[in-house]
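Close look at the chain arrangement
Here is what each chain is made of, one letter per residue.
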Amino acid sequence: MVKECGENMEIELNDEVTIEQPTIMMSAQRLETFGEKGMWFEVGSASRQDMVKSGFYCPSEDKRKNRIVKCTYCRKEFANWTRDDKPEERHLAESSECPFAQFGRDEEELTVREFLELELAVKLAVMDEDKEKLKAAAIESFSDVEKLLNKK
Ligand SMILES: [Zn+2]
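Cut-off values and rules
- Residues numbered from 1 in each chain as written.
- Predicted model: local features only at pLDDT ≥ 70, side-chain atom pairs only at ≥ 80, totals over all residues.
- Helix = DSSP H or I, 4+ residues; strand = E, 2+ residues; numbered from the N terminus.
- Buried ≥ 20, exposed ≤ 12 C-beta atoms within 10 Å, placed from the backbone.
- Contact = placed C-beta atoms within 7 Å.
- Core = buried A, V, L, I, M, F, W, Y, C linked by C-beta atoms within 7 Å.
- Pairing = 2+ DSSP bridges.
- pLDDT = per-residue confidence, 0-100.

Quick notes on the overall build of the chain
The helix and strand inventory of the chain stands at seven helices and five strands. Each helix and strand of the chain, placed in order from N terminus to C terminus, yields the pattern β-β-α-α-β-α-β-β-α-α-α-α. Residues classed as buried in the chain amount to 20% of the 152 residues present. For the chain, restricting intrachain contacts to residue pairs at least 6 apart in sequence, the fraction spanning at least 24 positions comes to 47%.

Structure representation (C-alpha cells):
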C-alpha cells in the first residue's frame, strides 16, 4: 500500500473505531507550518530553515507563538528557543532515541532503507501516542468476541 506523503493513514480496528495517523511531514510541509516571514527567527542557527532541516514543524498556531516545535519523527516537543540555539544539537541532546536525530543527515541524503526505518519508528511513536485509544478499542473488541462465543 503506497500512500502520498501528508495524507492521513487510517488503521481500522473494527467497524466503529478508526484512529487517524498522520504520516511523516516532509520538509516543504514543515516549512509551511512556520508561517509567513517574521513569524519565526529568520536569522541565527534556529532560523525556520534550520528547524525544518532538523525535522521540526509547528504543530499549531498557538505553539508557534510560544516557540514550541515538534519533531515529525520522534513526536517530541521542544520549547524555549532562542535564535542562537542549534536545533540539531538540542534535538539529539533532548531526544537521543530519535532515529532522525541519530542519522544526523538531511532527508534527501538518507537511503531508502534508512527512510523506511524512520517511517516504522514514526508509526510506533504515533501508536504510542494513541495507546489509550488502542487499549480501549482492544478491550471493546475482546468483549465483542466474548459475546459471540457466549452465543454458541
Ligand atoms: Zn526527533
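Notes on the nonpolar core
In terms of nonpolar packing, the biggest core is built from 20 residues, with Met51, Phe56, Cys71, Tyr73, Cys98 and Phe100 touching the most fellow members. Elements represented by at least two residues in this core include exactly helix 2 (48-53), strand 3 (56-57), strand 4 (69-71), helix 5 (99-103) and helix 6 (112-129).

Observations concerning the environment of glutamate 77
Inspection of the secondary structure assignment puts glutamate 77 in strand 5 (residues 77-78). Judged by local crowding, glutamate 77 falls into the partly exposed class, with 14 C-beta atoms found within 10 Å. Apart from the residues lying within four places of it in its own chain, the contact partners of glutamate 77 are Ile68 and Lys70.

Section: the sheet that holds strand 4
What the three strands build is an open sheet, ordered 3-4-5; its pairing is antiparallel. Of all strands in the sheet, those with a lone pairing partner are strand 3 and strand 5, marking the two edges. In this sheet, strand 4 lies alongside strand 3 in antiparallel orientation, the contact comprising two bridges. Bridge pairing in strand 4 places phenylalanine 56 opposite cysteine 71.

Points about the environment of leucine 124
One can find leucine 124 in helix 6. What makes leucine 124 exposed here is the crowd of 11 C-beta atoms within 10 Å. A sequence separation of 50 residues divides leucine 124 from cysteine 74, and the C-alpha atoms of the two residues are 9.4 Å apart.

What about unusual backbone geometry?
Within the chain, arginine 75 stands out as a residue other than glycine whose phi angle is a positive 65 degrees. By secondary structure assignment, the location of arginine 75 is in the loop between strand 4 and strand 5. Under the C-beta neighbour-count criterion, arginine 75 is labelled partly exposed, with 18 such atoms within 10 Å.

A few points about the confidence of the model for the chain
Model confidence for the chain is summarised by a mean pLDDT of 85, while 85% of its residues fall at 70 or above. Helix 4 (residues 87-94) holds the highest mean pLDDT among the elements of the chain, 97, whereas strand 2 (residues 18-22) holds the lowest, 48. Of the regions scoring below 50 in pLDDT, residues 1-5 engages in five contacts with residues more than four places distant in sequence or in other chains.

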